Amino acid sequence: MANPETLPTKASLKNTTGAGAGDGPAAVIDRPPPGGYIVQEVSPGAKLKLNFNTSDVRVAALDVDLLLLFPDGGKIVLPGYALNMLGSAGTEAIFLDKTLLSQDLLASIADVRLTDDASMRLVGQQGETEQQATAQEKKDASEEEEKDETPPPSQPTPVATPPAPNSKFTGVADFNKPPEDAADAGLRVRRDDPLPSGSGAPPNANNNHTGDGDGNIKAAKLEITLLGVSGDVVSPRAGGGLIIRGGASVADATTNPDFAVQQQATTLNGSAQGDIIYARNPDRMPSGTYERLIDIVAELPDQGIVANSATITNLPPGFAINNARQDGDRWIIDMDALDPNHLQVELRYMLPADGTRPDVNGFLSNFVLNILFSALDSAGGIHLYSGSQTFVTRDVRTEDDVEISSTDGETTFYALNATPPGTIINAGGGDDTVYAGPGHDVIDGGTGTNTISYALSASGVTVDLAAGTGRGGYAEGDVLTNFQNVEGSAFADSLVGTSGNNTFIGSAGADTIIGNG
């Protein structure tokens, strides 16, 4: 029998007045103690009166159930309430700091999990069953006492224990498990092992699953194409010359998924005056990051339904969606009804740090892109669909490195470049400053007195102006010509000059500088 201290409690259904707009019953729920949880049955259309702030809690959905999750391990489980909200547009959730309508509460869902195993359907369900069994035992014992003052002890009712998840890809909701560090997480699967599903379905289903979740929270099948994000930003520089911020990919890469196109180096050309040139636009790709376009066609299981928005959640630190609006840890993209269920995600992702060791598969990091699609039917009803896809970062050398499939062909990983394609820069005339980017760059400073900068590098660099070579960080594989000055990174650098006049800017870190002149 479970320890009574760990059993779920049930909040009472009370009539409250003045709690929100309109009259009617409200389920009054206090915050559970650390590590404890409350299972609350709420009638369809009933309000929620929650005695805590919206900032105190994370909202998640497990099938049709709504979960309120606290940082200290406390949980509130509302069986069937996620489904109830879909049919009750005016239902209110009244927090201490604000009141949310049902559609607002649905929009705040940060995680959706689906499972076909009834024994795993509800967090805390086993504890609730044990509590009910305990109450029944007490009742039975009381009845026996009326017949016999010394009855034998009643036997506890056996309760089936849900099987523990056997890997991080089980698809079973495990809200107690902290997120893994994207830089350290190895997938630890061999090429012939089952791979995680590319849809919102449980991993025992295959990628052709069309979604049969309870109620309106169903699995969406995602068709993925890896493309590039293009577009240089050019503006005039005060006093003459240009400021050029390079895009991530060539223009053809935004529509052509061919491997050679996706791996093609970009080209930037300066003017005849002094320019400031960034190999990669730091506004979109700050230090240690790169950008790809994830093209997604969502296959929704309900005929005639068109998604109007997509919400992406649980991105690792440093990641972002450059074409979405951010709301806390959620990234929201409005979808085009004229291009049904087609989503383009401009994903900014973290590049592996220097020295990161690949796992047994050759993967340097991995993460899951979680997407919640929201749609309205002709009657104004809200439909939700969940899809996800696992991505890895690795050294991409051939087309076979981009898509990694399981032997049964049912599941696919998509690989993003650990080392992006480089940039070819011709700075032209004038005294130019060029900021190198990730990838193997070929940079010609042109005429004038020119500076090559590695200020944006996420790790230390070794740069030899005389030899025209670079190693480490953003300098790895670079070929440099016609540079007289060099700026290092914020880390420990080794900077070597030419026989002529040079200016060195070591920046932070324990730098080694050799003038040679």
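Residues numbered from 1 in each chain as written. Predicted model: local features only at pLDDT ≥ 70, side-chain atom pairs only at ≥ 80, totals over all residues. Heavy atoms only, no water.

1. Quick look at the overall build of the protein
- The helix and strand inventory of the protein stands at 4 helices and 37 strands.
- Here the protein, with 517 residues, has 50% of them falling under the buried criterion.
- Nonlocal contacts in the protein, meaning residues at least 24 apart in sequence, comprise 62% of its contacts between residues at least 6 apart.
- Of the roughly 23700 Å² of accessible surface on the protein, a fraction of 48% belongs to carbon and sulfur atoms. (Helix = DSSP H or I, 4+ residues; strand = E, 2+ residues; numbered from the N terminus. Buried < 20%, exposed > 50% of the residue type's maximum accessible area, 1.4 Å probe, protein only. Contact = heavy atoms within 4.5 Å. Areas by Shrake-Rupley, 256 points an atom, 1.4 Å probe, with all protein chains shown as cover.)

2. Some remarks on the environment of Pro236
- By the secondary structure assignment, Pro236 is in strand S13 (residues 233-236).
- The exposure class of Pro236 is exposed, given its relative accessible area of 70%.
- In this structure, the C-alpha to C-alpha distance between Pro236 and Asp275, residues 39 residues apart in sequence, is 9.1 Å.
- In this view, Pro236 contacts Gly241, Leu242 and Ile243; residues no more than four positions away in its chain are not counted.

3. Looking at the sheet that holds strand S30 (residues 451-453)
- Taken in spatial order, the 7 strands of this open sheet run S13-S14-S16-S28-S30-S34-S36, and their pairing is mixed. Only two strands of the sheet have a single neighbouring strand rather than two, namely S13 and strand S36 (503-505). Averaged over all neighbouring strand pairs, the angle between strand axes comes to 10°, with direction disregarded.
- Pairing analysis gives 3 bridges linking strand S34 (residues 485-487) to S36, with the strands arranged parallel. Looking across to S36, one finds that Glu487 is bridged to Ile505. (Pairing = 2+ DSSP bridges. Axes fitted to C-alpha atoms, helices over the stretch in contact; angles between N-to-C directions.)

4. Let's talk about the side chain of Asn341
- One can find Asn341 in the loop between strand S21 (330-334) and strand S22 (342-350).
- Judged by its relative accessible area of 11%, Asn341 is buried.
- Sequence-distant contacts of Asn341, that is, excluding residues within four places in its chain, are made with Ile296, Val297, Ala298, Leu300, Ile305, Val306, Ala307 and Met335.

5. Examining the pairing of strand S4 (residues 47-50)
- Of the two faces of S4, the one lined by Lys47 and Lys49 and the one lined by Leu48 and Leu50 are each fully buried.
- Here S4 runs beside strand S8 (residues 92-94); their pairing, made up of 2 bridges, is parallel. Residue pairing in the sheet places Leu48 in a bridge with Ala93 of S8.

6. Comments concerning the sheet that holds S22
- In space, the 4 strands of this open sheet follow the order S12-S17-S22-S19, with antiparallel pairing throughout. Two strands in the sheet have a free side with no partner beyond their single neighbour: strand S12 (221-227) and strand S19 (320-321).
- Two strands pair when backbone bridges link them, and S19 and S22 are joined in this way by 2 bridges, in the antiparallel orientation. What sits directly across from Ile321, in S22, is Leu347.

7. Re the nonpolar core
- Formed by 45 residues in total, the largest nonpolar core has its most connected members in Leu347 and Phe373.
- A total of 5 residues in this core trace back to one element, the largest contributor, which is strand S23 (residues 365-376).
- In this structure Phe373 touches Ala220, Leu222, Ala298, Ala307, Ser309, Ala310, Met335, Leu343, His383, Leu384 and Tyr385, once residues within four positions along its chain are discounted.
- In terms of nonpolar packing, the next biggest core, distinct from the first, is built from 29 residues, Leu50, Val57, Leu100 and Ile109 among them. (Core = buried A, V, L, I, M, F, W, Y, C linked by side-chain atoms within 4.5 Å.)

8. Quick notes on the confidence of the model for the protein
- Looking at the protein, the pLDDT average stands at 78 and 73% of residues meet or exceed 70.
- In the predicted structure, residues 1-22 sits below a pLDDT of 50 and forms 47 contacts with residues beyond four places in sequence or in another chain.
- Counting interchain partners and residues more than four positions distant, the pLDDT-below-50 stretch residues 115-135 has 51 contacts. (pLDDT = per-residue confidence, 0-100.)

9. Considering the packing of aromatic side chains
- One pass over the full model with this rule turns up 8 aromatic pairs.
- Ring plane angle 85° and centroid distance 5.0 Å describe the contact between Phe52 and Phe70, whose orientation is recorded as edge-to-face. Taken as a pair, Phe52 in the loop between S4 and strand S5 (58-62) and Phe70 in the loop between strand S6 (65-69) and strand S7 (75-78) lie far apart in primary sequence, 18 residues in all. Neither residue differs from the other here; Phe52 and Phe70 are each classed as buried.
- Aromatic pair Phe319 and Phe367: ring centres 4.8 Å apart, planes at 70°, arrangement edge-to-face. Here the residue Phe319 occupies a position in the loop between strand S18 (307-313) and S19, and Phe367 occupies one in strand S23, the gap between them amounting to 48 residues.
- Among the aromatic residues, those joined into a cluster by ring pairs are Phe319, Phe367, Phe391 and Tyr414. (Phe/Tyr/Trp six-rings, centres within 6.5 Å; stacked < 30°, edge-to-face > 60°.)

10. Comments concerning the pairing of strand S24 (residues 382-394)
- Counting buried residues along S24, 13 of its 13 residues qualify, which places the element largely inside the surrounding structure.
- Residue alternation in S24 divides its side chains into two sets, Ile382, Leu384, Ser386, Ser388, Thr390, Val392 and Arg394 and His383, Tyr385, Gly387, Gln389, Phe391 and Thr393, and both sets are buried.
- Where strand S11 (residues 217-219) meets S24, 3 bridges bridge the pair, whose relative direction is parallel. Across the sheet, Ile217 pairs through a bridge with Leu384, a residue of S24.
- Where S23 meets S24, 12 bridges bridge the pair, whose relative direction is antiparallel. Opposite Ile371, over in S24, you have Gly387 as the bridge partner.

11. Quick notes on the pattern of salt bridges
- By the definition in use, this model includes 9 salt bridges.
- Across the pair Asp72 and Arg31 runs a salt bridge, and its minimum N-O distance is 3.3 Å. On the criterion of sequence distance, the pair formed by Asp72 in the loop between S6 and S7 and Arg31 in the loop between strand S2 (25-29) and strand S3 (37-39) is long-range, its members being 41 residues apart.
- Its salt-bridge partner being Arg397, residue Asp395 comes within 3.7 Å of it at the nearest N-O pair.
- Its relative accessible area of 34% is what places Asp395 among the partly exposed residues. (Salt bridge = Lys/Arg side-chain N within 4 Å of Asp/Glu carboxyl O.)

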